[in-house]
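Coordinate inspection notes
One letter stands for each residue in the lines below.
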Amino acid sequence: MTLARRDRRLAALLVVVHAVVSGIHGVAHAELPVALAAWQEAFVLLVPTLAPFAGLALLYRGRERAGAALLAASMAAALLFGLTFHYLVPNPDNVASIPAGPWHPHFTWTAAAIALTEFGGAALGAWLWVRDGVRDSTATPA
């Protein structure tokens, strides 16, 4: 099954906007400074940074189900990570723990924007994966 051009473009838009907002959030982390543990840095590099681009590459290379699955899984895992550390668990990365100052608003709005783009990416990836699977299962054999 081949994805419509608009599906790939929407996925690309979500991944690129997520990367830009995440980059701004990373600058806010450095300026505040809010350090992450080594395992958290590794997670951030692999799951929300690299994996969505890998999923996007698969979508554009004709591996729609794999790309959609990787996009959905990476964005969902990143969303859980971000919600946990930015909002739920008291820690230096929690938006409530960030000291007032010029980078506080940037940290706060980018944390929320990251969550929105991750939710969107997870939902779109899941939708494309399910829709592709339904189309594959209802296709008539040759």
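Residues numbered from 1 in each chain as written. Predicted model: local features only at pLDDT ≥ 70, side-chain atom pairs only at ≥ 80, totals over all residues. Heavy atoms only, no water.

Now for the nonpolar core. Counting residues in hydrophobic clusters, the biggest one holds 13 residues, and the most contacted among them are Ala11, Leu56, Leu59, Leu71, Leu124 and Leu128. Broken down by secondary-structure element, the contributors of at least two residues to this core are α1 (5-31), α2 (38-60), α3 (64-88) and α4 (104-138). With four residues, α1 is the single largest residue contributor to this core. Once you skip the residues sitting within four places of it in the chain, Leu56 turns out to touch Arg8, Ala11, Ala12 and Val15. (Core = buried A, V, L, I, M, F, W, Y, C linked by side-chain atoms within 4.5 Å. Buried < 20%, exposed > 50% of the residue type's maximum accessible area, 1.4 Å probe, protein only. Helix = DSSP H or I, 4+ residues; strand = E, 2+ residues; numbered from the N terminus. Contact = heavy atoms within 4.5 Å.)

Once that is clear, we can look at unusual backbone geometry. Going from Leu32 to Pro33, the amide bond is cis rather than trans, its omega being -20°. Looking at the secondary structure, you find Pro33 in the loop between α1 and α2.

Take Asp7: it is sitting in helix α1. Among all residues touching Asp7, those that are not within four sequence positions of it are Leu124, Leu128 and Arg131.

Turning our eyes to something else, we now look at the layout of surface pockets. Put simply, the largest pocket is a space of about 350 Å³. Ser22, His25, Val44, Pro48 and Ile114 are, among the 21 residues lining the largest pocket, the residues nearest its centre. Elements supplying a minimum of two residues to the lining of the largest pocket: α1, α2, α3 and α4. Considering every element that reaches the lining of the largest pocket, the biggest residue donor is α1, with eight residues. (1 Å grid on protein atoms, 1.4 Å probe; cavity = no way out; pocket = protein on both sides within 12 Å on 5 of 7 lines; lining within 4 Å. Points joined across faces, edges and corners; volume = space filled by probe spheres on them.)

Attention now moves to the pattern of salt bridges. Within the structure shown, the criterion is met by two salt bridges. Between Arg131 and Asp7 there is a salt bridge; the shortest N-O distance is 2.5 Å. Of this pair, Arg131 sits in helix α4 while Asp7 sits in helix α1, placing them 124 residues apart in sequence. Side by side, Arg131 and Asp7 carry an identical accessibility label, which is buried. Each member of the salt-bridge network shares a partner with another, and the members are Arg6, Asp7 and Arg131. (Salt bridge = Lys/Arg side-chain N within 4 Å of Asp/Glu carboxyl O.)

Moving on: empty space enclosed by the protein. Scanning the model with the defined rule gives one cavity of 30 Å³ or more in all. The volume enclosed by the largest cavity comes to roughly 40 Å³. What lines the largest cavity is simply Leu79, Gly82, Leu83, His86, Tyr87, Ala111, Ile114, Ala115 and Glu118. Among the secondary structure elements, those contributing two or more residues to the lining of the largest cavity are α3 and α4. A per-element tally of the lining of the largest cavity places α3 first, with five residues. Here the residues of the lining of the largest cavity are counted per class, giving six nonpolar, two polar and one charged. (Nonpolar A, V, L, I, M, F, W, Y, C, P; charged D, E, K, R; others polar.)

For the rest of this paragraph, the subject is the packing of α2 against α3. Where α2 contacts α3, the axes come no closer than 8 Å and their chain directions differ by 155°. Classed by the angle they form, the pair α2 and α3 counts as roughly antiparallel. Classified by chirality, the crossing of α3 by α2 is left-handed. Residue-level contacts link Trp39, Gln40, Phe43, Val44, Val47, Pro48, Ala51, Pro52, Ala54, Gly55, Leu58 and Leu59 of α2 to Glu64, Ala66, Gly67, Ala68, Leu70, Leu71, Ser74, Met75, Ala77, Ala78, Phe81 and Phe85 of α3. Here the contact of α2 with α3 is built from residues that sort into 19 nonpolar, four polar and one charged. (Axes fitted to C-alpha atoms, helices over the stretch in contact; angles between N-to-C directions. Parallel < 35°, antiparallel > 145°, perpendicular 65-115°, else oblique. Left-handed = near helix turned anticlockwise from the far one by under 90°.)

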